Amino acid sequence: EVQLVESGGGLVQAGGSLRLSCATSGLTFDDYAIAWFRQAPGKEREEVSCISDFDGSTTYADSVKGRFTISSDSAKNTVYLQMNSLRPEDTAVYYCVADGMTCTELTDLGYRYLKNWGQGTLVTVSS
């Protein structure tokens, strides 16, 4: 079965950095787009970043461009999200999801229709 496990969340001061990891199993890694979403209290789940080895693409939400970097390690079947210059508004539970072959497909589906989710990891950024 497809499994995704997030790790790396925690408490950090504004301006600090964290690196999140999404370890995958039960899938052909290079055939899936993998995205990071986040959900803050009272807000809808939103896409943060996506990576697809199928077409070599990456995407970023406008709110994180220049601060976050997504990358993948096919040997470890793992996707990373390096988060720098963190802000209090980045506080959320961060989830990874694998669905579709391209980031365009994944984004067009929308989070309500995506199937393969991890359990999430909490990121808290203090002022």
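Residues numbered from 1 in each chain as written. Predicted model: local features only at pLDDT ≥ 70, side-chain atom pairs only at ≥ 80, totals over all residues. Heavy atoms only, no water.

Looking at the side chain of serine 49
For serine 49, the position within the fold is in strand β5 (residues 46–52). Within the local environment of serine 49, its side chain forms a polar contact with the backbone oxygen of threonine 59, the two atoms lying 2.8 Å apart. (Helix = DSSP H or I, 4+ residues; strand = E, 2+ residues; numbered from the N terminus. Polar contact = N/O pair within 3.5 Å; in protein donor to acceptor, adjacent residues only side chain to side chain.)

Quick notes on the environment of leucine 11
With respect to the secondary-structure elements, leucine 11 resides in strand β2 (residues 10–13). Here leucine 11 falls in the exposed class, since its relative accessible area comes to 66%. Taking the C-alpha atoms as reference points, leucine 11 and aspartate 99, 88 residues apart in sequence, are found 29 Å from one another. Every residue in contact with leucine 11, bar those within four places of it in the chain, is listed here: Thr124 and Ser126. (Buried < 20%, exposed > 50% of the residue type's maximum accessible area, 1.4 Å probe, protein only. Contact = heavy atoms within 4.5 Å.)

A closer look at the pattern of salt bridges
Counting across every chain of the model gives five salt bridges. With a closest N to O distance of 3.4 Å, arginine 112 and glutamate 44 form a salt bridge. Pair noted here: arginine 112 is in the loop between α1 (103–109) and β10 (116–117) and glutamate 44 is in the loop between β4 (33–39) and β5, with a separation of 68 residues, a long-range link. You'll find arginine 112 and glutamate 44 in the same group, each marked exposed. Note that aspartate 90 and arginine 67 form a salt bridge whose closest N and O atoms lie 2.8 Å from each other. Taken as a pair, aspartate 90 in the loop between β8 (78–83) and β9 (92–98) and arginine 67 in the loop between β6 (57–60) and β7 (68–73) lie far apart in primary sequence, 23 residues in all. Here the two residues aspartate 90 and arginine 67 agree in accessibility, since each one is buried. What you see here is one network of salt bridges that share partners, running through Arg38, Glu46, Arg67 and Asp90. (Salt bridge = Lys/Arg side-chain N within 4 Å of Asp/Glu carboxyl O.)

Digging into the sheet that holds β7
As a general point, the strands of a sheet are linked pairwise by backbone hydrogen bonds and lie either parallel or antiparallel. Spatially, β1-β3-β8-β7 is the arrangement adopted by the four strands of the open sheet, whose pairing is antiparallel. Every interior strand has two partners, whereas the edge strands, β1 (3–7) and β7, have only one. The sheet shows a mean angle of 15° between the axes of neighbouring strands, taken without regard to direction. Direction of pairing for strand β3 (residues 18–25) relative to β8: antiparallel, over a ladder of six bridges. Considered in β8, the bridge of leucine 20 is made with leucine 81. (Pairing = 2+ DSSP bridges. Axes fitted to C-alpha atoms, helices over the stretch in contact; angles between N-to-C directions.)

Structural measurements only, silent on function.
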